Amino acid sequence: MAVSDDTVIAEFNEAVNMTPAQLERWLEREESRQVGQKDGGGESTGHASGRYIVELQRKKKGELTDEDVAHMRKVVGYVRRHLAQRPSGDVRESPWRYSLMNWGHDPCGDGGSTG
């Protein structure tokens, strides 16, 4: 059974725990650019997703397109899969955390502070 758009939007809002401002600041940092899968050596998939997430967060529900909701679904799936792969030990300065943050989720809950 397909998940409704309303459910996807609610799950997205739960998965993305960084504000647009926090995410924008994070995406400017070198640590953000160093992680993730890059096609052809350019911007990583997660970094590009983070920029799109900021746009989505700033839209009103009625402005969301089918493409937007599809990306929200992708974000929810990524965050869930990645959280299930949490490494042991301190993750505060780990590529695992940085990758999740590119997708708008800070598992440490401090919005991008790494110190």
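Refer to the structure printed above.
The residue numbering used here restarts from 1 in each chain and proceeds along that chain's sequence as written. With the structure being a predicted model, the display of local features is reserved for residues of pLDDT at least 70 and the display and counting of side-chain atom pairs for 80 or more, all residues being used for whole-chain, interface and lining totals. Here the side-chain values reflect all heavy atoms present in the structure, with hydrogen atoms and water set aside.

1. Let's talk about the pattern of salt bridges
Inference 1: The salt bridge definition used is simple: a Lys or Arg side-chain nitrogen within 4 Å of an Asp or Glu carboxyl oxygen. The tally for this structure, following the rule as stated, stands at seven salt bridges.
Inference 2: Salt-bridge contacts for Arg 29 lead to Glu 31; the nearest nitrogen and oxygen are separated by 2.8 Å.
Inference 3: To sort residues, take the accessible area from a 1.4 Å probe on protein chains only and compare it with the maximum for the residue type: under 20% means buried, over 50% means exposed, and anything in between is partly exposed. Under the relative-accessibility criterion, Arg 29 is labelled partly exposed at 27%.
Inference 4: Given a relative accessible area of 21%, Glu 31 falls into the partly exposed group.
Inference 5: Of the charged contacts in the structure, one is a salt bridge between Lys 59 and Asp 68, with a shortest N-O distance of 2.5 Å.
Inference 6: Exposure remark for Lys 59: the relative accessible area of 29% places this residue in the partly exposed category.

2. Quick word on helix α2 (residues 20-27)
Inference 1: Numbering of helices and strands runs from the N terminus; a helix is a DSSP stretch of H or I covering at least four residues, while a strand is a stretch of E covering at least two. Restricting attention to buried positions, one finds in α2 the residues Pro 20, Leu 23, Trp 26 and Leu 27. Burial along α2 is one-sided: seen end-on, the buried residues are contained in an arc of 125°.
Inference 2: Those residues of α2 hidden inside the fold are in contact with α3 (30-34), α4 (45-57) and α6 (95-102). Along the arc lie the directions from the helix axis toward the C-beta atoms. Any two residues whose heavy atoms approach within 4.5 Å are treated as being in contact.

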